[in-house]
Amino acid sequence: MTHFFKWMTQETDTLFWHDSGIPDEIARGIERGATGITCNPAIGLRCMRGAPDMWAQRVRAMKEQFPQADIADMALKALNAVAQDCARQIRPVWEATNGRQGHVAGQVNPVQMDEAEPMIRQAIEATALEPNMAVKIPATKAGMEVIEEMAARGATTLSTVSFSTAQAIAAQAAYERGGKRRTAPTDHAINYSVMIIGRLDEYLLAKAQREGIDIATEDINKAGLAVTKKINAVLAERGYPGMCLTGGTRTRHIPQLAGARMCMTIGVAAQDEVLEIAPEHRVLGDVPVEEDTIERLRSAFPEFSKALDEDGLEPSEFTEFGPCREMHDWFIDEFHGIQEFVLNA
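Everything quoted here is computed from the prediction, not taken from an experiment.

Describing the overall build of the protein chain
Then, in step 1: When its secondary structure is counted, the protein chain shows 16 helices and eight strands.
Then, in step 2: Over its C-alpha atoms, taken along the principal directions, the protein chain stretches across nearly 60 × 50 × 45 Å.
Then, in step 3: Taken across its 345 residues, the protein chain has 60% of its residues classed as buried.
Then, in step 4: Partitioning the contacts of the protein chain with sequence separation of at least 6, the portion at a separation of at least 24 is 72%.
Then, in step 5: Summing over all exposed atoms, the protein chain offers an accessible surface of approximately 14,400 Å²; the carbon and sulfur share of this is 48%.
Then, in step 6: Between the mean site of the 35 positive side-chain charges and the mean site of the 50 negative ones, the protein chain shows a separation of 3 Å.

So, in structure tokens, the structure goes:
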């Protein structure tokens, strides 16, 4: 029988991107059906620390090539060199699908998540590296300006550090505005509205444990699923060509999302676990989470309602929404790790 990922990607509307920058792991993901690769500061730093001599040599060459670049710009160049390597490895998928798939997520500086102008400059630079390079933009108020501008330029974007239906809608609307300013046709460029599914569950679980909130872990583990399925439904209702892309996808989520028109980023460990479990080939992605579970989550966590509801957050609240703030801080810490690597190379 065809394995789960081959079935999911070939016989349903669900795609998956590989969540790693390690070449051997990428090759495994592509063989299993991955049609894109995500990248972020944590992935980039893992790659550099995994091959320190090679990356130190590359960084020294970048320093000679760009002597005027400051440490932050040099760290971003190194991070996007990781993404560029990934783009070259998956480019055959991009060519085979005429540019519909085979993208890799380039990066902007996470420290500047609330500054549109430098992020636009960085996004333009990242997408120029390879023809199949997309770019991740933080789903902040300033990030929406960047998504609109990159849409006007015909780039594929991912609105990242996003935990809510409101952010997903705002990103699709920004991309649609930018697309109307596009002067040259770009057949397959879209925005992927990221939903960090696993980290929402874990944020709520940590709060429940910290504050003694009486709610079953089984319910909490459906929080990200509920928001993801709501995003899928809303994007379809509104007719946006873009789709949801889950980040932090845990093994338990994958069978429950299979079949929906969406994309999941899946790390090699979760891929291995799914293939070991061999779930039944059932289309469950459009089956909503039970309403009584949603009501228990609403009662326990105001953050859940903010994440789920279409009007749960205003754009001015995107940066400081609890799980967003937590993930921004993690990415900033990892980016500082890249800066330290670059400084010492």
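A few points about the nonpolar core
Then, in step 1: Core analysis: the biggest nonpolar cluster contains 84 residues, and Phe301 and Phe304 have the highest contact counts within it.
Then, in step 2: The element best represented in this core is helix H8 (residues 165–180), accounting for eight residues.
Then, in step 3: Beyond its immediate stretch of four places on either side in the chain, Phe304 contacts Leu204, Ala223, Ala226, Val227, Ile294, Leu297 and Arg298.
Then, in step 4: Counting residues in each nonpolar core, the second largest holds 28 residues, with Leu45, Cys47, Val82 and Ile90 among its members.

Some words on the environment of Tyr192
Then, in step 1: Position of Tyr192 among the secondary structure elements: in strand E6 (residues 191–196).
Then, in step 2: The spacing of Tyr192 and Cys244 is 52 residues in sequence and 5.5 Å in space, taken between C-alpha atoms.
Then, in step 3: Dropping the residues within four chain positions of it, Tyr192 is found in contact with Trp17, Gln101, Thr156, Thr157, Leu158, Ser159, Gln172, Met243, Leu245 and Cys263.

Focus on empty space enclosed by the protein
Then, in step 1: Tallied over the full model, the rule gives one cavity of 30 Å³ or more.
Then, in step 2: Around the largest cavity, the lining residues are Asn40, Pro41, Gln107, Val108, Asn109, Pro110, Lys136, Pro138, Thr160, Val161, His328 and Phe331.
Then, in step 3: Considering only residue class, the lining of the largest cavity consists of six nonpolar, five polar and one charged.

Overview of the pattern of salt bridges
Then, in step 1: Counting across every chain of the model gives 22 salt bridges.
Then, in step 2: Shared partners join several salt bridges into a network, and the residues in it are Glu148, Glu149, Arg153, Arg177 and Arg181.

So, the side chain of His18
Then, in step 1: By secondary structure assignment, the location of His18 is in strand E1 (residues 14–18).
Then, in step 2: At 3.3 Å, the side chain of His18 and the backbone oxygen of Glu25 are in polar contact.

Considerations on unusual backbone geometry
Then, in step 1: Even without being glycine, Asn98 reaches a positive phi, approximately 55 degrees.
Then, in step 2: When you line up the elements, Asn98 lands in the loop between helix H5 (71–96) and strand E3 (103–106).
Then, in step 3: A relative accessible area of 63% means that Asn98 is categorised as exposed.
Then, in step 4: Even without being glycine, Ala278 reaches a positive phi, approximately 55 degrees.
Then, in step 5: With respect to the element layout, Ala278 can be found in the loop between helix H13 (268–277) and helix H14 (291–300).

Side note on the packing of H8 against helix H11 (residues 223–238)
Then, in step 1: At a closest axis distance of 9 Å, the pairing of H8 and H11 adopts a crossing angle of 30 degrees. One finds that H8 runs roughly parallel with respect to H11. The two elements H8 and H11 meet at a crossing, and its hand is right-handed. Touching Thr165, Ala168, Ile169 and Gln172 of H8 are Val227, Lys230, Ile231, Val234, Leu235 and Arg238, all from H11.
Then, in step 2: Residue composition of the contact of H8 with H11, by class: six nonpolar, two polar and two charged.

A few points about H8
Then, in step 1: For H8, which comprises 16 residues, the first-to-last C-alpha distance of 23 Å matches the rise-based estimate of 22 Å (1.5 Å per residue) to within 8%.
Then, in step 2: By the burial criterion, the buried members of H8 are Thr165, Ala166, Gln167, Ala168, Ile169, Ala170, Ala171, Gln172, Ala173, Ala174, Tyr175 and Gly178.

Looking at helix H6 (residues 116–127)
Then, in step 1: Look at H6: 16 Å from first C-alpha to last across 12 residues, which is about the 16 Å you get at 1.5 Å a residue.
Then, in step 2: Within H6 the residues assigned to the buried category are Ala116, Pro118, Met119, Gln122, Ala123, Ala126 and Thr127. For H6, the angular spread of buried residues about the axis comes to 160 degrees, placing them on one side.
Then, in step 3: Elements that come into contact with the buried residues of H6 comprise H5, strand E4 (133–138) and helix H7 (141–152).

Comments concerning the layout of surface pockets
Then, in step 1: Considered as a void within the structure, the largest pocket measures approximately 440 Å³ in volume.
Then, in step 2: What lines the largest pocket is a set of 26 residues, and nearest its centre among them are Asp19, Gly247, Gly248, Thr249 and Arg250.
Then, in step 3: Contributing elements (two or more residues each) for the lining of the largest pocket: helix H3 (41–50), E6, strand E7 (243–247), strand E8 (262–266), H13 and helix H16 (322–344).
Then, in step 4: Among the elements that line the lining of the largest pocket, the one with the most residues is H13, at four residues.
Then, in step 5: Considered class by class, the residues forming the lining of the largest pocket number 12 nonpolar, nine polar and five charged.

Let's talk about the pairing of E3
The side chains of a regular strand alternate, first on one face of the sheet and then on the other.
Then, in step 1: Across the two faces of E3 the burial is the same, with His103 and Ala105 and Val104 and Gly106 all buried.
Then, in step 2: Here two bridges tie strand E2 (residues 36–37) to E3, and the two strands are oriented parallel to one another. Note on E3: the bridge partner recorded for Gly36 is His103.
Then, in step 3: Judged from the three bridges that link them, E3 and E4 form a sheet pairing that is parallel. Bridge pairing in E4 places Gly106 opposite Val135.

Reading guide: rules and limits
Residues numbered from 1 in each chain as written. Predicted model: local features only at pLDDT ≥ 70, side-chain atom pairs only at ≥ 80, totals over all residues. Heavy atoms only, no water. Helix = DSSP H or I, 4+ residues; strand = E, 2+ residues; numbered from the N terminus. Buried < 20%, exposed > 50% of the residue type's maximum accessible area, 1.4 Å probe, protein only. Contact = heavy atoms within 4.5 Å. Areas by Shrake-Rupley, 256 points an atom, 1.4 Å probe, with all protein chains shown as cover. Lys, Arg positive; Asp, Glu negative; His and termini not counted. Charge placed at Lys NZ, Arg CZ, Asp CG, Glu CD. Core = buried A, V, L, I, M, F, W, Y, C linked by side-chain atoms within 4.5 Å. 1 Å grid on protein atoms, 1.4 Å probe; cavity = no way out; pocket = protein on both sides within 12 Å on 5 of 7 lines; lining within 4 Å. Points joined across faces, edges and corners; volume = space filled by probe spheres on them. Nonpolar A, V, L, I, M, F, W, Y, C, P; charged D, E, K, R; others polar. Salt bridge = Lys/Arg side-chain N within 4 Å of Asp/Glu carboxyl O. Polar contact = N/O pair within 3.5 Å; in protein donor to acceptor, adjacent residues only side chain to side chain. Axes fitted to C-alpha atoms, helices over the stretch in contact; angles between N-to-C directions. Parallel < 35°, antiparallel > 145°, perpendicular 65-115°, else oblique. Left-handed = near helix turned anticlockwise from the far one by under 90°. Expected span 1.5 Å × (residues − 1). Arc of directions from axis to C-beta. Pairing = 2+ DSSP bridges.

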